[in-house]
Amino acid sequence: MSDLHGKVVLLTAAAQGIGRASALAFAKAGARVFATDINGAKLAELEGVANIETRPLDVLSDSAVNSLVAALGRVDVLFNCAGIVHSGTILEMSDADLDLALDLNLRAQVRTIRAVLPQMVDRRDGAIINMATVASSVKGVPSRAAYSISKAAVIGLTKSIAADYVAANIRVNAICPGTVESPSLHERWHATGDFEAAQRAFIARQPIGRIAQPEEVADLATYLAGARYTTGQIHIIDGGWTG
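Description of the structure in this document. Predicted model, so just to flag it, every value in this text is computed and none were measured.

1. Section: the sheet that holds strand β3 (residues 52-56)
Step number 1: The seven strands lie next to each other as β3-β2-β1-β4-β5-β6-β7, forming an open sheet whose pairing is parallel. Each edge of the open sheet carries a strand with a single partner, namely β3 and β7 (234-237). Across the sheet, the mean angle from the axis of one strand to that of its neighbour is 20°, orientation sign disregarded.
Step number 2: Pairing geometry for strand β1 (residues 8-11) and strand β4 (residues 77-80), over three bridges, is parallel.

Here it is as structure tokens:
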């Protein structure tokens, strides 16, 4: 595990799933973690955990993001974890679905990066971690048009910022998970009308024979937060799905 003592971490979508597991992992590594989410009730479950402070945040709002970063004053590590998964092919995808996918999966990351990057450049030090997915430019996945389009753009965003700011010692990386156990995944299984069948189908396509746990992705996030010589890369964690 990386030693992040003295580092300030800003984390979005920390109320559940990968975000919550990452908040706990960063805190365990010694960082001061600002865990944010729009879901205040779920976020409150992290209150009282050592090294974690919770803040409500709507990542779709420029003013909310800018106000929070200004109030924090310093951010050493930014982990952009907020996102949404839409099902459907391009013919089934509505303009509204695509707009929301681009806004929440991509533009929200642009917002937070714009807010924290100037201070990182001034210090000539910082780590930015963007949540992407293998269902992007990495691998074509059926019935994920809006999701894959937006997440492929996240990979482009990551590489662009890494190239522009590598000389300022800003490390920018993307995490590309496969299927990860989460409340939103369970919601999608329930939405099929046959939870058990959907679960079996998802597990069957995993060469490793199981779904990833959020803590496994959190371990990768904490590594990248402390990595000093890795930037502009996509880090696949998918149990061999794309192997």
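2. A few points about the nonpolar core
Considering soluble globular proteins, one finds that nonpolar side chains tend to be buried as a cluster.
Step number 1: Ranked by internal contacts, the top residues of the largest apolar core, which has 38 residues, are Leu-10, Leu-78, Ile-113, Val-116, Met-120, Ile-128 and Ile-170.
Step number 2: Broken down by element, the residue count for this core peaks at nine residues, all from helix α4 (residues 95-123).
Step number 3: The residues contacting Ile-170, other than those within four sequence positions of it, are Leu-117, Met-120, Val-121, Asp-125, Gly-126, Ile-128, Tyr-165 and Thr-231.
Step number 4: Ala-27, Ala-31, Leu-46 and Ala-212 belong to the second-largest nonpolar core, a separate cluster that totals 30 residues.

3. Points about unusual backbone geometry
Step number 1: The phi angle at Asn-51 is positive, at roughly 75°, despite the residue not being glycine.
Step number 2: By secondary structure assignment, the location of Asn-51 is in the loop between α2 (40-43) and β3.
Step number 3: The backbone of Arg-124 shows a phi angle near 55°, a positive value even though the residue is not glycine.
Step number 4: Relative to the elements of secondary structure, Arg-124 occurs in the loop between α4 and β5 (126-131).

4. Regarding α4
Step number 1: Between its terminal C-alpha atoms α4 stretches 41 Å, which fits the 42 Å expected from 29 residues at 1.5 Å a residue.
Step number 2: The axis of α4 is deflected most strongly, by about 40°, at Arg-107.
Step number 3: Positioned one or two residues after α4, Arg-124 has a phi angle of 55°, which is positive.

5. Focus on the packing of aromatic side chains
Step number 1: A full pass over the atoms with the stated rule returns three aromatic pairs.
Step number 2: A centroid spacing of 5.4 Å and a plane angle of 80° characterise the contact between Trp-189 and Phe-195, whose relative ring orientation is edge-to-face.
Step number 3: We classify Trp-189 as buried; its relative accessible area is 0%.
Step number 4: Judged by its relative accessible area of 16%, Phe-195 falls in the buried class.

6. Section: the pattern of salt bridges
Step number 1: Here the structure, examined in full by the defined rule, presents 11 salt bridges.
Step number 2: Note that Arg-171 and Asp-125 form a salt bridge whose closest N and O atoms lie 2.8 Å from each other. Of this pair, Arg-171 sits in strand β6 (residues 170-177) while Asp-125 is found in the loop between α4 and β5, placing the two residues 46 residues apart along the sequence. Each member of the pair, Arg-171 as well as Asp-125, carries the same accessibility label: buried.
Step number 3: Its salt-bridge partner being Glu-216, residue Arg-210 comes within 2.7 Å of it at the nearest N-O pair.
Step number 4: Taking relative accessible area as the criterion, Arg-210 reaches 37% and is therefore assigned partly exposed.
Step number 5: You can call Glu-216 partly exposed: its relative accessible area is 29%.
Step number 6: One salt-bridge network, in which partners are shared between bridges, spans Lys-7, Asp-125, Arg-171 and Arg-228.

Parameters at a glance
- Residues numbered from 1 in each chain as written.
- Predicted model: local features only at pLDDT ≥ 70, side-chain atom pairs only at ≥ 80, totals over all residues.
- Heavy atoms only, no water.
- Pairing = 2+ DSSP bridges.
- Helix = DSSP H or I, 4+ residues; strand = E, 2+ residues; numbered from the N terminus.
- Axes fitted to C-alpha atoms, helices over the stretch in contact; angles between N-to-C directions.
- Core = buried A, V, L, I, M, F, W, Y, C linked by side-chain atoms within 4.5 Å.
- Buried < 20%, exposed > 50% of the residue type's maximum accessible area, 1.4 Å probe, protein only.
- Contact = heavy atoms within 4.5 Å.
- Expected span 1.5 Å × (residues − 1).
- Bend = angle between axes of the 7 residues up to and from the residue.
- Phe/Tyr/Trp six-rings, centres within 6.5 Å; stacked < 30°, edge-to-face > 60°.
- Salt bridge = Lys/Arg side-chain N within 4 Å of Asp/Glu carboxyl O.

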